[in-house]
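# Structural characterization, general
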Amino acid sequence: MNRFEYADSRFMPTEIYVRCDMVVRLYDGDTKTNFENGELILTSHRILWGRPGDVQRGNTCLSLSLRHIIFFEEENPRPFSFGRSKKIVLHLSEPAIDKMPGPADNSLYNYVKLSFKEGLDSNFITQLSDTIMRRMWEFTPEAELIVSNVNDNQGNTKLLPHIKTRTGIIGIERSLQEKQKETDENISLAFQDLTKLMDMAKDMVAISKTISVKIRARQGDITEDETVRFKAYLMSLGIDDPVTRDAYKSSNEYFKQLAKQLACILEEPIKEVGGMMTLTDVYCRVNRARGLELLSPEDLLHASRQLAPLGLPIVLRSFDSGVMVLQICSHNDNAVVDCITELLKEKKSMTAEDLAQSEGISILLARERLLVTEKYGKACRDDSIEALRFYPNLFLEEISSE
């Protein structure tokens, strides 16, 4: 009996009612106790025993945690022993060190018996077995305890634990509020670290700009390859003050300022890749530079359409196929066509993949350059199952030879 504890019969938030049996007596091992004709409640976490009606009224009762049960068995009455009731024997583990007060401080037995005077329901064994197998108490947080004074069987006053429970809709709402508060605190801590990281990134960008100015002032002391590489490092560091929608009252002003920033950060990179960059590559590159202040595809497109009206050094261009690119204003299609024409004469024929590999550009952009060359009449195509291949326009050479 020293595994039993005095406890509040009100259920814990996650505790589930299983069944109720009446007229049950408790045995300490083989010894009868004064706890007889009581009401036994089986829950997902405990076995509760109390006087009839005590459990429903929320009074203090005896509680045995199911985690103490090692195994149980049914004890049948001896033959020819009339009037003896069936019993369930619960074999228990050792009491916990921090065990709360109960009806007995010590016991000679490691088992207790439940005697059902009105007969043992066959479903009791099945339900008890299923409940122990589920072990729902392992997924329940530790209960908060408060202490109060209660008299035991001998009339002595003891300090008894009561489980502080929150039931009903109000309890659920309070539990959700506590979880929300904990989540908010965790998010606040995370953003504190993130803010520090962003501050450090701004300092790095400022330092990099200073170094970039010094590099431009001393062009003769470093190689062109080192300059290009350092510019790539600057691009990867990010924009220290990205344009955001919240800073402007109207969308029109926001798109104008965003267009100016796009021209500022993309002019040099576009020149380095041949004067033209697809809008998809622009989208990836700009968002990488902006860090957490990401742009939507719609905002990028609207800002790109503002480049030409504002007279900025880069403009938006749409090819006949629907492909959109940003290109330098000084970009000359005639120069590109002449370059592709010379390559076709040298290679005899080329696909978009060949040109992309030769010039270090995307396949999509290489295909558009070949199509522009065809549009100017300086290339011919052969569209087969293998690939779309372009050849020099030999008719032009024949006409010029005549």
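Here, the structure is the one placed above.
From a predicted model like this one, the values you see are computed outputs, not experimental measurements.

The rules behind these values
Residues numbered from 1 in each chain as written. Predicted model: local features only at pLDDT ≥ 70, side-chain atom pairs only at ≥ 80, totals over all residues. Heavy atoms only, no water. Helix = DSSP H or I, 4+ residues; strand = E, 2+ residues; numbered from the N terminus. Buried < 20%, exposed > 50% of the residue type's maximum accessible area, 1.4 Å probe, protein only. Contact = heavy atoms within 4.5 Å. Pairing = 2+ DSSP bridges.

## Comments concerning the environment of V337
One can find V337 in helix α8 (residues 333-347). Classification of V337 by relative accessible area gives buried; the value is 1%. Every residue in contact with V337, bar those within four places of it in the chain, is listed here: V372, T373, Y376 and K378.

## Some remarks on the pairing of strand β6 (residues 60-65)
Taking burial as the measure, the 6 residues of β6 include 5 buried ones, the bulk of the element. With 4 bridges connecting them, strand β1 (residues 5-8) and β6 associate as antiparallel partners. The partner of Y6 across the bridge, within β6, is L62. Of the pairings in the sheet, the one linking strand β5 (residues 46-50) to β6 comprises 4 bridges and is antiparallel in character. Directly across from L48, in β6, lies its bridge partner S63.

## Considering the pairing of strand β14 (residues 324-328)
In terms of burial, β14 is a largely internal element, 4 of the 5 residues being buried. As judged from the 3 bridges shared by strand β12 (residues 276-278) and β14, these two strands associate in the antiparallel manner. Each bridged residue has a counterpart across the sheet, and for M276 the counterpart in β14 is Q327. Relative to β14, strand β13 (residues 314-318) runs antiparallel, the two sharing 5 bridges. Residue pairing for β14: R317 is matched across the bridge by V325. Here β13 folds back onto β14 in antiparallel fashion, the turn holding 5 residues, of which G322 has a positive phi close to 100°.

## Quick word on the sheet that holds strand β15 (residues 350-351)
The strands that make up a sheet are held in pairs by hydrogen bonds between backbone atoms, and each pair lies either parallel or antiparallel. Sheet architecture is open: 3 strands sit in the order β15-β17-β16, paired in antiparallel fashion. In the strand order of this sheet, the two ends are held by β15 and β16 (379-383), each with one partner. Pairing analysis gives 2 bridges linking β15 to strand β17 (residues 388-392), with the strands arranged antiparallel. Note on β17: the bridge partner recorded for T351 is R389.

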